[in-house]
Amino acid sequence: MTKRIFRSIVIASLIVLLAALLLIVGVLYSHFTDAQFDQLRAETALVAQAVNNEGQAYFQGLDRNANCRITWIAADGSILFDNRSDTAQMENHAERAEVTDARNTGYGQCARYSATLTERYLYAAQRLPDGTILRLSGAQSTVLNLLAKMLSPLLPVTLAAVILSLFLANRLSKSIVQPLNDLNLSQPIGNTGYAEIRPLLRRLDAQQIQLRGQALELAQMKTEFETVTRGLNEGLVLLSGGGAILSINPAAARLLEVTPNCAGADFTAANQNSDIAALADAALHGEKGEKILPLAGKLYLVSASPVKSGSYYSGAVLFLLDVTEKQQAETLRREFTANVSHELKTPLHAISGYAELMKSGMVSSEDIPRFSEKLYGETRRLIALVEDILRLSRLDEGGEDMQKSAVDLFALAQSTAEALSPAAELAEVTLSVQGEKAVVFGVPQLLSTIIFNLTDNAVKYNRPGGSVTVSVTEDTDGIRMEVSDTGVGIPPEDRERIFERFYRVDKSRSKEVGGTGLGLSIVKHAAKISGATLSVSGVLGRGTDVCVVFPK
Ligand code: ADP
């Protein structure tokens with residue numbers, strides 16, 4: 001800007017200087033022409049006086065190379081004398097403007113290019129008393145001549161003017177730009193510079209206020225976003241169009257094993273997982289994708305989605321969702337379905353086999369009661385299995401629709417023991433209930449299922465002459481229900497697995513006593529829904545203790 005102003009001032013001053021010079025030359029030229037005419041008129045008058053006095057004799061011996069051209073013209077315009085040209089060759093001058101004027105008024109003057117001499121000449125003509133006309137003429141200086149003459153005095157002046165204009169232009173341009181350089185743009189309104197830029201400063205100020213507001217809003221939104229994502233168990237990563245990390249929450253940083261403050265870093269360089277890098281890269285190119293990957297000892301569904309802004313992709317979002325439980329549940333469901341089919345098939349095949357033998361008459365009449373007993377046994381097993389499956393699938397739904405009420409666990413244990421006393425008697429096992437009234441708030445059917453299954457197992461996996469004790473006590477931890485038996489016991493390595501569906505320590509023993517392999521799975525589910533904790537202890541070959549603690 002300074003350069004431009006400097007150039008403009010220099011050009012303007014040079015144009016003014018040139019115009020002034022031209023004007024001066026023009027004025028001087030006109031002034032010199034007038035002065036030359038005055039001088040020529042005076043000389044003409046003197047020569048006319050002399051010619052009038054001396055006549056033709058005046059021209060005798062006149063210097064032909066004199067500065068001035070003298071022409072004596074007869075009244076008819078013919079040339080009587082000319083000190084420069086041959087009079088015989090000269091044309092009639094009667095019609096020349098200065099001659100006509102002199103003939104009519106006594107004096108005439110004119111400036112023109114001489115017909116004979118190709119220069120601009122000034123002519124002054126005076127009528128003599130005898131009617132003849134005396135004319136003096138002299139070459140007029142041309143403008144170029146004048147300029148050439150004036151060059152030497154004008155040159156230093158012009159040079160001085162140019163130097164002065166360069167110096168002033170330099171100072172002026174700097175002083176014009178200085179207030180603009182001194183503007184405090186962080187506080188536009190406080191500037192006292194040019195009045196012309198005040199609207200611009202006001203606009204700047206308004207825009208700065210607006211920008212500050214927007215920045216504040218953005219910062220708030222960023223803080224809110226970070227607060228929300230910080231608390232997420234799921235991993236969330238936002239990537240820019242160039243693949244740089246814009247935001248990463250602590251869960252994602254932990255799962256991808258990158259430092260949490262890696263915002264701004266290139267994702268491919270920061271993340272070492274090639275599968276996730278490939279998903280991110282595809283998303284940045286507009287391709288949505290997802291994959292289940294093992295991360296930090298769990299299974300995560302990693303989904304990468306492109307972010308589209310108008311017609312181009314401006315970034316990508318990576319979402320890491322823990323699907324371990326879902327996957328395990330899926331596996332369990334698949335295994336359960338396979339197990340159920342297998343467990344159902346066994347009694348069904350047995351029933352079908354016995355029925356076929358009876359139908360084809362291959363069973364003698366004395367064997368019919370034995371076969372009927374087997375048929376009945378298998379059918380009971382089938383019914384127990386179907387009932388347990390149904391119970392389990394109801395519990396799988398969460399048991400939310402089940403009604404809760406206050407239940408006395410001691411009374412429930414006593415009624416269960418009563419119901420199981422025939423079976424206990426048959427197995428030659430003594431069954432006793434100890435403790436006192438202890439009320440828990442829960443679903444009666446679930447509590448009854450827990451006590452029944454545990455007591456039933458304690459009787460089933462016992463030995464003749466053994467005993468089962470159900471005790472209900474209340475302490476600071478909660479209400480404790482313990483079922484202890486003096487039975488076969490459970491090997492320590494199986495104590496975790498007995499709660500799995502269809503898991504049996506001794507399969508043939510379980511079948512023998514009419515077990516389905518689902519009893520403890522149902523207990524585990526029911527305890528979970530009731531908010532109770534389960535633990536198993538005991539000594540293999542000497543007995544088992546199963547303890548359930550209900551919250552008060
Ligand atoms: P089941 O219908 O076969 O009894 P459960 O789920 O109730 O199925 O029990 C799973 C397995 O745990 C049983 O098959 C048995 O081997 C073992 N078990 C359960 N309770 C006891 C117990 N009180 N004493 C010894 N073993 C037991």
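Residues numbered from 1 in each chain as written. Predicted model: local features only at pLDDT ≥ 70, side-chain atom pairs only at ≥ 80, totals over all residues. Heavy atoms only, no water.

Asks: Outline the side chain of arginine 509, supporting the account with residue identities and numerical values.
Replies: Tracing the backbone through its elements, the reader meets arginine 509 in helix H12 (residues 507-512). Buried and without a salt bridge, arginine 509 has glutamate 512 as its closest oppositely charged side chain, separated by 5.2 Å. Once you skip the residues sitting within four places of it in the chain, arginine 509 turns out to touch Lys460, Tyr461, Asn462 and Val488. (Helix = DSSP H or I, 4+ residues; strand = E, 2+ residues; numbered from the N terminus. Buried < 20%, exposed > 50% of the residue type's maximum accessible area, 1.4 Å probe, protein only. Lys, Arg positive; Asp, Glu negative; His and termini not counted. Salt bridge = Lys/Arg side-chain N within 4 Å of Asp/Glu carboxyl O. Contact = heavy atoms within 4.5 Å.)

Asks: Can you tell me about the packing of helix H10 (residues 409-426) against helix H11 (residues 444-460), naming the residues and giving the values?
Replies: Helix-helix packing: each pair is described by the crossing angle between the helix axes and the interaxial distance. Between H10 and H11, whose axes approach to 9 Å, the crossing angle comes to 40 degrees. One way to sum up the angle between H10 and H11 is to call them oblique. The element H10 and its partner H11 pack so that their crossing is right-handed. Residues Leu409, Leu412, Ala413, Thr416, Leu420, Ala423 and Ala424 of H10 lie in contact with H11, whose contacting residues are Leu447, Ser448, Ile451, Phe452, Thr455, Asp456 and Val459. Here the residues of the contact of H10 with H11 are counted per class, giving 10 nonpolar, 3 polar and 1 charged. (Axes fitted to C-alpha atoms, helices over the stretch in contact; angles between N-to-C directions. Parallel < 35°, antiparallel > 145°, perpendicular 65-115°, else oblique. Left-handed = near helix turned anticlockwise from the far one by under 90°. Nonpolar A, V, L, I, M, F, W, Y, C, P; charged D, E, K, R; others polar.)

Asks: Residues and numbers for the nonpolar core, please.
Replies: Leu409, Ile450, Leu454, Met481 and Phe550 are the most contacted members of the largest nonpolar core, which has 48 residues in total. Those elements that provide at least two residues to this core are helix H8 (324-359), helix H9 (368-396), H10, H11, strand E14 (467-474), strand E15 (479-485), helix H13 (519-530) and strand E17 (543-550). Once residues within four sequence positions are removed from consideration, leucine 409 is found in contact with Ala438, Val440, Leu447, Ile451, Val472, Ile479 and Phe550. One finds Ile248, Leu255, Cys262 and Leu320 within the second-largest nonpolar core, a separate group that totals 25 residues. (Core = buried A, V, L, I, M, F, W, Y, C linked by side-chain atoms within 4.5 Å.)

Asks: Please give an account of the pattern of salt bridges that cites residues and values.
Replies: Side chains bearing opposite charge may pair, as long as their charged atoms lie close to each other. Inspection of every chain in the model, using the stated rule, returns 16 salt bridges. Ionic pairing is found between lysine 291 and aspartate 275, a salt bridge with its closest N-O pair at 3.3 Å. You can see lysine 291 sitting in strand E8 (residues 289-295) and its partner aspartate 275 sitting in helix H7 (residues 274-284), a full 16 residues away along the chain. Between arginine 504 and glutamate 343 there is a salt bridge whose closest N-O contact spans 3.0 Å. Taken together, the positions of arginine 504 in the loop between E15 and H12 and glutamate 343 in helix H8 put the pair 161 residues apart, joining distant regions of the chain. Salt bridges linked by common partners bring Glu98, Arg112 and Arg135 together as one network.

Asks: Can you tell me about the site of the ligand, naming the residues and giving the values?
Replies: The environment of the ligand is formed by 21 residues, the closest being Tyr461, Ser510, Thr516, Gly517 and Leu520. Lysine 460 is positioned such that a nitrogen or oxygen atom in its side chain is 3.5 Å from an oxygen atom of the ligand. Taking valine 505, its main chain carries an N or O atom lying 3.0 Å from an oxygen atom of the ligand. Taken by itself the ligand offers 530 Å² of open surface, and the protein chains cover 96% of this. Elements with a minimum of two residues in the shell around the ligand: H11 and H13. (Near = heavy atom within 4 Å. Polar contact = N/O pair within 3.5 Å; in protein donor to acceptor, adjacent residues only side chain to side chain. Areas by Shrake-Rupley, 256 points an atom, 1.4 Å probe, with all protein chains shown as cover.)

Asks: Which residues make up the packing of aromatic side chains, and what values go with them?
Replies: Summed over the entire model, instances satisfying the criterion amount to 6 aromatic pairs. Among the aromatic side chains, those forming a connected cluster through ring pairs are Tyr58, Phe59, Trp72 and Phe81. One cation-aromatic arrangement involves arginine 112 over tyrosine 123; the distance from NZ or CZ to the ring centre is 4.3 Å. Positioned over the ring face of phenylalanine 336 is arginine 501, at 4.9 Å from the centre of the ring. (Phe/Tyr/Trp six-rings, centres within 6.5 Å; stacked < 30°, edge-to-face > 60°. Lys NZ or Arg CZ within 6 Å of the ring centre and 35° of its normal.)

Asks: Tell me what's going on with the sheet that holds strand E4 (residues 120-127), and back it up with residues and numbers.
Replies: As summarised here, the arrangement of the 5 strands in space is E2-E1-E5-E4-E3, forming an open sheet in which the pairing is antiparallel. The outermost strands of the open sheet, each flanked by one partner alone, are strand E2 (79-82) and strand E3 (107-113). Shown here is a sheet whose adjacent strand axes are inclined to one another by a mean of 20 degrees, direction ignored. Judged from the 5 bridges that link them, strand E1 (residues 69-73) and strand E5 (residues 133-139) form a sheet pairing that is antiparallel. Looking at the pairing, tryptophan 72 lines up with leucine 134 of E5. Against the sheet, helix H1 (residues 2-54) touches E1, E3, E4 and E5, its axis set at about 35 degrees to E4. Sheet contacts for helix H2 (residues 97-105): E1, E3, E4 and E5; angle to E3, the most-contacted strand, approximately 175 degrees. (Pairing = 2+ DSSP bridges.)

Asks: Go over unusual backbone geometry, please, and point to the residues and values.
Replies: Positive phi, close to 55 degrees, is recorded for glutamate 257, a residue that is not glycine. Relative to the elements of secondary structure, glutamate 257 occurs in the loop between helix H5 (250-256) and helix H6 (267-270). Glutamate 257 gets classed as exposed once you look at its relative accessible area, which sits at 70%. Although it is not a glycine, phenylalanine 502 sits at a positive phi angle of roughly 65 degrees. Looking at where phenylalanine 502 falls in the secondary structure, it is placed in the loop between E15 and H12. Exposure remark for phenylalanine 502: the relative accessible area of 9% places this residue in the buried category.

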